[in-house]
Amino acid sequence: METYAYGFPRLGKQREFKKTVENFWDKKISEQELFSRIKEIELQIIDTYKKYVDYYPSFEMTLYDNMLDTALMLGIYEFKDIYNYFSLCRGKNALEMTKWFNTNYHYLVPEIDKNFTSTKFQSKWNKLESTQDGIAYIIGGFTFLKLSKGYKKEDFKELLIKLVEPYKKNLSQFKKIHIDEPAFVLDLSDEEIKIIKQFYNQIAETGIDIYLFTYYDSVDFLEHLYELPVKAIGLDFIYGKENFDKIKKIGFPDDKTLIAGIVDGRNVWRSNINQKVEVLKELSKYAKKIMASNASPLYHLPVTIKSETELPKELINMLSFAEERLFELQLIKKMYNGEIAETDWYKETEFGKDKKVQERIQNLKEENFIRKVPYSERKKIHSEKLNLPLFPTTTIGSYPQTPEIRNRRKQFKAGEITKEEYRQFIKSEIKKLIELQEDIGLDVLTHGEFERTDMVEFFAQRLNGIATTKQGWVLSYGTRGYRPPIIYGDISRPGPMTTEEILYAQSLTDRPVKGMLTGPVTIIAWSYVRTDVNLKDVAYQIALCLQDEIKDYHKAGIKIVQIDEPAFREKAPLKKRAWHEYFDWAVKAFRLASNVNPEIQIHTHMCYSEFGEIIEYIVNLDFDVISIEASRSKADIVEDFKKVNFDRQIGLGVWDIHSPLVPSIEEMEKVVKKALAILPEENFWINPDCGLKTRKWDEVIPSLKNLVRLAQKLREEFKMGRQL
Ligand code: GLN
Ligand code: ZN
């Protein structure tokens, strides 16, 4: 048996990729240096592959994103020069960016219209110019088109067939090609499966050997997939458990190689080598030719655990990052082929386990997930306690993280200023912000989140059972990295996490200050999560910590709490049939966290507006107020709420904070008026559509002033009894 690996992170151990590209942007290195350094990184990756595995693709490297590069190879955009390339990635002409499947990687969304002809086609772009041997990497036509935009659904087939020619021209330079088709794991129609067959039958006319890879879940149409004229098929046996059952039923074709994805490309726990070998042996009963591989691209993992020196030894011994996954494949091969009989790579451990926390979870009863006082009554309590005007105004939490704030944090981390000095600095920022918000006339204030770098990492650092890394960077998009925390054990709260700043802010004003928390689903979605217990239990453990935090708020007189859940929708499984189970615990985790004294008004925030498909689950969250994106979608979303007789309050995100433009009163008013035509005025709050941390003060101040003026204007109109 042999091994195949793919998708190794391009970031580099020392984030060389990021530094190189950003240095070029900052004009610190020339174009020539850019290319030669990137080539070096690419060669290092190839050396790493070679050290451990038999096969791997070439040309996986990109300067920004592989979806964009595929678009260039197909001639959707023209590669004029490197400046023009980067202008498609960033700046005012950049392509839209969106999440790659249900991962935390974001890709550039190509725009392709019906009349597309591949006249600009060129194979000159970085990956396909070389004539080097090997298996050339490309994103497959189906996935490429499915994830692009700009065309009508009914034109999909016609367009995909148009892509055949440019694909063939690109592929014909090679003998072997690695094609990624993760979109094959989505819920596909019979018609789409037919189109896939047509496309691949035509591509195969080149006579090239195709290694086709699917991942992130199982493929529902395996019997049809087997008919494609390809040499090898990659299947995910980690997140696509159903693949295994299906193969046991229908077998695997003798003329193809099964590339069995058995080491996890998305999570960091060491593989149980013995068990993996067993799985392969079982699979080999059905598939004559078999290779061991990673179950999804490795770029969802940091480069290597060797860079982590400060984590507890016990934890390091539980972890595998990208390079260690390659090592595991090598071990698996050796054991499978009888070269070694055993290994101590993987061991069961009790590290991080906490009986008390487990008991607390086991003792949860249905009533723990149900708020005793219904919304109709809570609403009365809140209006008495809070005494807010019509159209209350607020913000989503964070305010600009200026260079000064980042500098102070750096100084603190480097030991140049003391903890006390840093605390005092944060406090002075909070104080200035409270005064500013009062001046502007906002009704519900926030403390600004100046002390937080990242809304998940911040909580991860304050909870038991979660570790944060120093070098565990993965790319989120382009050159932007983040360090996902690692949930390795039972989660508990050693003490209050956020009260110092929130209470300080509240002590400075008579207006309500919102307590600000990140919800269980979002903490889970943006972290690596242990797999020895159900996600549900992890979520409930986090929820209980948040509940305790809110109880502390309440004792200290805080009246409003916001639990942010921006990942609530994105964490949903790719296949609809798995939704019910997911949303069941996701909803319950929120309800558990917010099951506190009815006097506290519970807000939630989600940064998007596509609620149509999940509105029933949203309603079940039993919050009092939800703030959502409304400006770009022009409040269309309110229709979805209307359909379910939504009786809660909606914070209309009327200012698109992703743009540097200051919104005018008129344009925000249009959004509100549209919403008012659907639901009554007492349902609405007015706010920006997300946190302000990436904006500048000279954008924030005039925008918030306009927002407050709009609310005042609307209140006047309603006082005058003018109906809209
Ligand atoms: N409270 C967070 C902030 O304002 C919310 C961020 C988010 O939704 N992504 O920054
Ligand atoms: Zn948001």
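A quick note: this is a predicted structure, and the numbers were derived from the prediction, not measured.

Basis of the calculations
Residues numbered from 1 in each chain as written. Chains lettered and ligands numbered in written order. Predicted model: local features only at pLDDT ≥ 70, side-chain atom pairs only at ≥ 80, totals over all residues. Heavy atoms only, no water. Pairing = 2+ DSSP bridges. Helix = DSSP H or I, 4+ residues; strand = E, 2+ residues; numbered from the N terminus. Contact = heavy atoms within 4.5 Å. Axes fitted to C-alpha atoms, helices over the stretch in contact; angles between N-to-C directions. Donors = N, O, S within 2.8 Å, 3.2 Å for Na, K, Ca; no water. Tetrahedral: all angles 85-135°; square planar, octahedral: opposite > 155°, others 65-115°. Buried < 20%, exposed > 50% of the residue type's maximum accessible area, 1.4 Å probe, protein only. Near = heavy atom within 4 Å. Polar contact = N/O pair within 3.5 Å; in protein donor to acceptor, adjacent residues only side chain to side chain. Areas by Shrake-Rupley, 256 points an atom, 1.4 Å probe, with all protein chains shown as cover. Nonpolar A, V, L, I, M, F, W, Y, C, P; charged D, E, K, R; others polar. Core = buried A, V, L, I, M, F, W, Y, C linked by side-chain atoms within 4.5 Å.

## Let's talk about the sheet that holds strand S14 (residues 486-492)
Step number 1: Strand order in the open sheet made by the three strands is S11-S14-S16, with mixed pairing throughout. Two strands bound the open sheet, and with one partner strand each, they are strand S11 (464-467) and strand S16 (528-529).
Step number 2: Where S14 and S16 come together, two bridges link them in parallel fashion. Counterpart to Ile487 in the pairing with S16 is Val529.
Step number 3: Helix H20 (residues 535-555) contacts S14 and S16 of the sheet and is inclined by roughly 55° relative to S14.

## A few points about the sheet that holds strand S18 (residues 601-605)
Step number 1: With parallel pairing, six strands are arranged side by side in an open sheet as S15-S17-S18-S19-S20-S21. Sheet topology places strand S15 (514-518) and strand S21 (684-688) at the edges, where each strand pairs with a single neighbour. The average angle at which neighbouring strand axes cross in this sheet is 25°, direction not considered.
Step number 2: Examined bridge by bridge, strand S19 (residues 625-629) and strand S20 (residues 649-655) share five bridges and lie parallel to one another. Considered in S20, the bridge of Glu629 is made with Gly653.

## Let's talk about the coordination of the zinc ion (ligand 2)
Step number 1: Here the zinc ion (ligand 2) is held by the protein donor atoms His605 (NE2), Cys607 (SG) and Cys690 (SG), which lie 2.1 to 2.2 Å from it.
Step number 2: What the four donor atoms of the zinc ion (ligand 2) show is an angle range of 88 to 126° at the metal, which sorts the shape as tetrahedral.
Step number 3: Each donor residue of the zinc ion (ligand 2) belongs to the same chain, and together they define the spacing H-x1-C-x82-C. You can see Cys607 sitting in the loop between S18 and helix H22 (615-620) and its partner Cys690 sitting in the loop between S21 and helix H25 (697-719), a full 83 residues away along the chain.
Step number 4: For Cys607, a relative accessible area of 23% puts it in the partly exposed group.

## Focus on the site of ligand 1
Step number 1: Taken together, Ile396, Gly397, Ser398, Glu449, Met455, Met516, Asp564, Pro566, His605, Cys607, Cys690 and Gly691 make up all the residues around ligand 1.
Step number 2: Take Glu449: an N or O atom from its side chain is 2.8 Å from a nitrogen atom of ligand 1.
Step number 3: Taking His605, its side chain carries an N or O atom lying 3.1 Å from an oxygen atom of ligand 1.
Step number 4: When the free accessible area of ligand 1 is taken as 300 Å², the share hidden by the protein chains comes to 90%.
Step number 5: Considered class by class, the residues forming the shell around ligand 1 number six nonpolar, four polar and two charged.

## Concerning the pairing of S15
Step number 1: The element S15 is largely enclosed, with a buried count of five among its five residues.
Step number 2: Side chains Lys514, Met516 and Thr518 project from S15 onto one buried face, and the interleaved Gly515 and Leu517 project onto a second face that is buried too.

## With respect to the nonpolar core
Step number 1: Of all hydrophobic cores here, the largest spans 142 residues; its most connected members are Phe86, Trp100, Leu163, Phe184, Leu225 and Leu258.
Step number 2: Beyond its immediate stretch of four places on either side in the chain, Leu163 contacts Leu74, Ile76, Ile112, Phe116, Gly141, Phe144, Leu145 and Phe199.
Step number 3: Ala505, Ile678, Leu679 and Leu704 belong to the second largest nonpolar core, which has 110 residues in total.

## Here's the deal with the environment of Lys248
Step number 1: Take Lys248: it is sitting in helix H9 (residues 241-250).
Step number 2: With a relative accessible area of 37%, Lys248 lands in the partly exposed category.
Step number 3: Each C-alpha atom of the pair Lys248 and Glu282 lies 9.0 Å from the other, and the pair is 34 residues apart in sequence.
Step number 4: Excluding its chain neighbours within four sequence positions, the residues that come into contact with Lys248 are Glu282 and Tyr286.

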